[in-house]
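# Structural description and commentary
Take a look at the letters that make up each chain.
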Amino acid sequence: MIKLIREITLIALLLGAGILIGKIIPFPSSLSSMILLLVLLLTGVLKEDYFSGGISDLILKNLAFFFLPPAVKVIESLGLLEGVWVKLVLIMLISNFLVMGVTGVVVQLFLKAEHEEEADNA
Amino acid sequence: MHNVLHLLTNNVFFGVMITLAAYAAGKMIYKKTGLPIMNPFLIAMLALMALILILQIPLENYMKGAGSLEMMLPVSIILLALPLYRQRGRLKSHRLAILAGITAGVATCLISTIILCKLFGIDEALLLSLLPRSITTPLGLLMVENIGGIGGITMIAIVFNGVSGVLFYAPVYALFRIHHPVAKGIAMGTTSHAIGTAKALEMGELIGAMSGLAIVVAGLITVAAYPLINLIFN
């Protein structure tokens, strides 16, 4: 129980810190908080154990759930697509297909080069 | 009838309860069928939209409860630091490949969208609204305001990207021969942000961590590209 309270308190503090950072630099507070949490874990200020086996893992396992309300809300904007939706869907499908493919291929090419370099050095 | 419906929906519980019910149903259907197209998020989203449209429930009634769930969005983003931390070793040793892949992905997204929009004769405001779609919602909405696009279109495009990555990752991986978990995760996160990351975490912690990392890095690179876009269009 104390572990759970500590976990929730830490998350709330991180959220607050992100909002404060957002007042100084124009950057989404949630991403600032995420980077902050990563830095605090890497420097050993916070222990990974504080967030293990509790509510954090439950939320991570159901990440998509919290994106439902904003996704459902797009029905109010669907009217904007009238007349162009077929074109836009086609454009996004082709573009996404390329983005995913190119990203994966480039990562693999670099991984392969790294691997060969290691083999050469060995 | 309409009064009863209004009474039932005009409260904080309604939005929370039907979102939970739709998500649970989506998970159950996915588990039973095991089909990638039966994605829990997609099923829940379509079911909720259908319910709201068919019963003509005012969106503001749904959002009374669902808005409180939306407040949890930042929490879910913060927690993506955990898989990143757990995979820090891989992250460090593959940092060059990761950075190169995401940069190539963001560039492909911007360039292919501009070229395709010109080919299809899409006007500039719509084009600009489609550009920040492969990044996470808060960043995308921030960006679209800065470049003069339409927020509603960007929101639709962001959701579309999330769903399309989740639906089509298998044929894309196969066609481009993407088999390394780091490449799979980075490709998913760069295309489909958090909705894709939810799927990636299901595929494995390394894939999920890489996808989560791609949300942050792709977001940062897209933000950095914006002065350039403004220079071209405005």
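Since the model is a prediction, treat every value here as computed from it, not as a measurement.

Take the overall build of chain B next. Counting its regular elements, chain B contains 13 helices and zero strands. For chain B, the sequential pattern of α-helices and β-strands runs α-α-α-α-α-α-α-α-α-α-α-α-α. In terms of overall size, chain B behaves like a compact globule, its C-alpha atoms giving a radius of gyration of 19 Å where 234 residues would be expected to give roughly 17 Å. In chain B, which comprises 234 residues, the proportion classed as buried is 56%. The long-range fraction of contacts in chain B, counting pairs at least 24 apart against all pairs at least 6 apart in sequence, stands at 66%.

Right, let's get into the domain arrangement of chain B. Residues and elements named next belong to chain B. Partitioning chain B into structural domains gives domain 1 (2-71) and domain 2 (81-233). Put simply, the middle of domain 1 and the middle of domain 2, counted by C-alpha atoms, are 26 Å apart. Between domain 1 and domain 2, the contact holds seven residues from the first and seven residues from the second. Summed over the shared surface of domain 1 and domain 2, the number is zero salt bridges. There are two residue pairs in polar contact (both at pLDDT 80 or more) connecting domain 1 and domain 2. Per-element tally for the side of domain 1 that touches domain 2: the top contributor is helix α3 (residues 40-54), with three residues. Of the residues in the side of domain 1 that touches domain 2, the class split is six nonpolar, one polar and no charged.

Looking now at the pattern of salt bridges. Summed over all chains, the structure comprises five salt bridges over all chains. In this structure, Asp57(A) engages Arg86(B) in a salt bridge whose closest nitrogen and oxygen atoms are separated by 3.5 Å. In this pair, Asp57(A) is assigned in helix α3 (residues 55-61) and Arg86(B) in helix α6 (residues 81-86), connecting two distinct chains. Using a relative accessible area of 22% as the deciding quantity, one classes Arg86(B) as partly exposed. The partner of Arg86(B) in a salt bridge is Glu205(B), with the nearest N and O atoms 3.8 Å apart. With Arg86(B) in helix α6 and Glu205(B) in helix α13 (residues 205-233), this residue pair connects regions lying 119 residues apart in the sequence.

Attention now moves to the packing of aromatic side chains. Evaluation of the coordinates by the stated rule reveals four aromatic pairs over all chains. Judged by centre distance (5.6 Å) and plane angle (65°), the ring pair of Tyr169(B) and Tyr173(B) falls under edge-to-face. Here Tyr173(B) and Tyr169(B) lie together in helix α11 (residues 151-175), a separation of four residues that amounts to about one turn. Each member of the pair, Tyr169(B) as well as Tyr173(B), is classed as buried. Taken together through their ring pairs, the aromatic side chains of Phe65(A), Phe66(A) and Tyr23(B) make up a single cluster. The lysine or arginine in question, Arg88(B), covers the ring of Tyr85(B), its NZ or CZ lying 4.0 Å from the ring centre.

Rules behind the numbers
- Residues numbered from 1 in each chain as written.
- Chains lettered and ligands numbered in written order.
- Predicted model: local features only at pLDDT ≥ 70, side-chain atom pairs only at ≥ 80, totals over all residues.
- Heavy atoms only, no water.
- Helix = DSSP H or I, 4+ residues; strand = E, 2+ residues; numbered from the N terminus.
- Rg over C-alpha atoms; globule rule 2.2 N^0.38 Å.
- Buried < 20%, exposed > 50% of the residue type's maximum accessible area, 1.4 Å probe, protein only.
- Contact = heavy atoms within 4.5 Å.
- Domains from an automatic or database assignment.
- Salt bridge = Lys/Arg side-chain N within 4 Å of Asp/Glu carboxyl O.
- Polar contact = N/O pair within 3.5 Å; in protein donor to acceptor, adjacent residues only side chain to side chain.
- Nonpolar A, V, L, I, M, F, W, Y, C, P; charged D, E, K, R; others polar.
- Phe/Tyr/Trp six-rings, centres within 6.5 Å; stacked < 30°, edge-to-face > 60°.
- Lys NZ or Arg CZ within 6 Å of the ring centre and 35° of its normal.

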